[in-house]
Amino acid sequence: MSSSGDPQTLGEQALARLLRSNAPGKLSLAGAYAFGYVALGHAQMEGTEPDWYQEIDPLDALFLGSTWPGKFRDEFEFANARDAWLRLLRGTVHGKGIQRFVGETISASEELGIPVDDGKLMLALAGRLEAAGLDRRRLPRRLLPKVALQSCRAVYGPSLDLPLPDPPEDAKQRVKRFWKDVEEESWAGAGDTPQAVLRDGLRRFHDAGLPVKQESGMLLPALYAALMTKPGELLEDMAEHAWAWGVSLDEASPLVPVLDVLLVAAELEMSVAKTLGHLFAVPAFTEPIPSDALLWTSSPGLALPRLAFELGIPKVSTLEKTVTPDELDWVGMHARMRLSAAARGNAADLEDTDSTDGTDGAQEESDERWADRREAVRKAALRKVRKKSGGRAATRHRSDRPVERIWNADGSSVVRFSADTPRGQELKEGLEGQLVAFREKFGREPGPDDPLFFDPDADEPTPLTKEYFDDMMLDMAERAVDMGIDPAFLHAWREVGYVVTEETRSMFTTAEVLAFNRALARHRQAGE
């Protein structure tokens, strides 16, 4: 291929044209992408890029360019603002343009054999966007993030003047029963309502020594911790992650009124009893948590796969892994934990920085940030949780089950099982059988990078593909009744990508358990 037809060269030429024909405040979608791509490159050259810039994919770059030269306090603010902006574009001609952008990104990735977030793909994409006509229409000023998100809940949180619902007449009795349930129920108490999940979270925080009855700022982190976190996640991260999750939801979500009470109460330093009284006046507090609240979305790299799957695209190749719809929860969780671990790793370096260097520049940047008010809203809860947590993990009561997954703070994990139980012995024998099958198939011992569960039709050790797994599940579902298995159980397993049993329950978050149980109920209702 000649250099003139090389995708990288074509991308460089397109970038130059897009930068000439666009300007801040006068951007097309392709122009916004060009500005975002250059902003990433400039930050890398200057050594000023935060860790989360390494997680940015093309759709993130487009949003970053649409906000240039604006700044973001962290990846949570960036991702929440991105998603809020994308929601605003839905139903407009520019929303169709975003869909075209996603399609072009995936097509380029597949044709070039390069992950969507690889630098080579991101450069080559510029030429394709221009050819696809995404530079022909300018975004109107009212839809540019700086204007459109001025009072956005996802960026600033709910208004502190938000009128809270009046507590019911029996609020005191209901609050008393609530605390009695916190003290008496087992840790794994069943329930899929905010009330039930909050009880579990408060019990966990109480066991960690946190003042759950004295500080209303503990309520939202407790709800979030019980619903979304893995045991390895640190308590000191909970307030920040909870705030990001709490404001990330679409304002149309029925859970938002519950979250708004928790957010406002923390900032106003409302008593815990009064906050609970207001919660009991919100119908959603005692209704099932909506499915839109079960996914973490407040990190870079998560919007592009979600939109691709909405368009019927079955998979998205990233540097981390090939993502399929059933893995969105895992990808979000891992991104959250990985970035938090990286931030803690850099904290010592930041503390050693000379505080007099760049003071004026830092103040100027602070004045430009969108999240000045957000910092004020989060500050109290962050300070209290971090002070009390002492860097401890938000561990659950240790399970005595035969299978347990041990999580580290960066999202890595290892599965342990006890061979002293009948089920543990079965698992041990199953793994030993896989080792024998590997040796027989490939004539050697498995290496550290070899998959234990491999494609039996491949000549080299190859992990089982999503397609292979789906076909296997469908085949088993057809024979499930004869095997004494509920076929809906297998269909649910195929849909969400994991299976929850009584023995494996402790390996999953409450959100994952709810997602599996709801998939199981849907397939049973459908008669599958």
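Computed from a predicted structure; not experimentally measured.

Conventions adopted
- Residues numbered from 1 in each chain as written.
- Predicted model: local features only at pLDDT ≥ 70, side-chain atom pairs only at ≥ 80, totals over all residues.
- Heavy atoms only, no water.
- Salt bridge = Lys/Arg side-chain N within 4 Å of Asp/Glu carboxyl O.
- Helix = DSSP H or I, 4+ residues; strand = E, 2+ residues; numbered from the N terminus.
- Buried < 20%, exposed > 50% of the residue type's maximum accessible area, 1.4 Å probe, protein only.
- 1 Å grid on protein atoms, 1.4 Å probe; cavity = no way out; pocket = protein on both sides within 12 Å on 5 of 7 lines; lining within 4 Å.
- Points joined across faces, edges and corners; volume = space filled by probe spheres on them.
- Nonpolar A, V, L, I, M, F, W, Y, C, P; charged D, E, K, R; others polar.
- Axes fitted to C-alpha atoms, helices over the stretch in contact; angles between N-to-C directions.
- Parallel < 35°, antiparallel > 145°, perpendicular 65-115°, else oblique.
- Contact = heavy atoms within 4.5 Å.
- Polar contact = N/O pair within 3.5 Å; in protein donor to acceptor, adjacent residues only side chain to side chain.

**A few points about the pattern of salt bridges**
Here is step 1 of the chain: Using the criterion set out here, one finds 27 salt bridges in the structure.
Here is step 2 of the chain: Of the charged contacts, one joins R338 and E55 as a salt bridge, the two residues approaching to 2.7 Å between their closest N and O atoms. One end of the pair, R338, is in helix α16 (residues 328-351); the other, E55, is in the loop between α2 (29-46) and α3 (58-67), and 283 residues separate them in sequence.
Here is step 3 of the chain: With a relative accessible area of 23%, R338 lands in the partly exposed category.
Here is step 4 of the chain: D83 is the partner of R82 in a salt bridge, and the nearest nitrogen-oxygen pair spans 2.9 Å. Per residue, the accessibility class of R82 equals that of D83, and both read buried.
Here is step 5 of the chain: Members of the salt-bridge network, linked through shared partners, are D60, R82, D83 and R306.

**Concerning empty space enclosed by the protein**
Here is step 1 of the chain: Scanning the entire structure with this criterion turns up three cavities of 30 Å³ or more.
Here is step 2 of the chain: Roughly 90 Å³ of internal volume is contained in the second largest cavity.
Here is step 3 of the chain: In terms of lining, the second largest cavity is formed by L227, M228, K230, L294, L295, W296, D329, M333, R336, T509, A511 and E512.
Here is step 4 of the chain: Counting only elements with at least two residues in the lining of the second largest cavity, the list comes to α11 (219-228), α16 and α22 (510-525).
Here is step 5 of the chain: Residue classes in the lining of the second largest cavity are distributed as seven nonpolar, one polar and four charged.

**With respect to the packing of α11 against α22**
Here is step 1 of the chain: Running from N to C, α11 and α22 cross one another at 55°; their axes reach a closest spacing of 5 Å. Between α11 and α22, the angle falls in the class oblique. Residues A226, L227 and M228 of α11 touch α22, and the partners they reach there are T510, A511 and L514.
Here is step 2 of the chain: The residue inventory of the contact of α11 with α22, partitioned by class, reads five nonpolar, one polar and no charged.

**So, helix α12 (residues 238-248)**
Here is step 1 of the chain: Counting buried positions along α12 yields 11 of 11 residues, so the element is predominantly enclosed.
Here is step 2 of the chain: Within α12 the residues assigned to the buried category are M238, A239, E240, H241, A242, W243, A244, W245, G246, V247 and S248.

**A few points about helix α21 (residues 487-496)**
Here is step 1 of the chain: Among all positions of α21, only P487, A488, L490, H491, A492 and V496 are buried.
Here is step 2 of the chain: Elements in contact with the buried residues of α21: α20 (466-478) and α22.
Here is step 3 of the chain: Among the residues of α21, the N-terminal cap falls to D486, whose side-chain oxygen and the backbone nitrogen of A488 are separated by 3.0 Å.
Here is step 4 of the chain: In the stretch just after α21, G497 is the one whose phi turns positive, near 90°.

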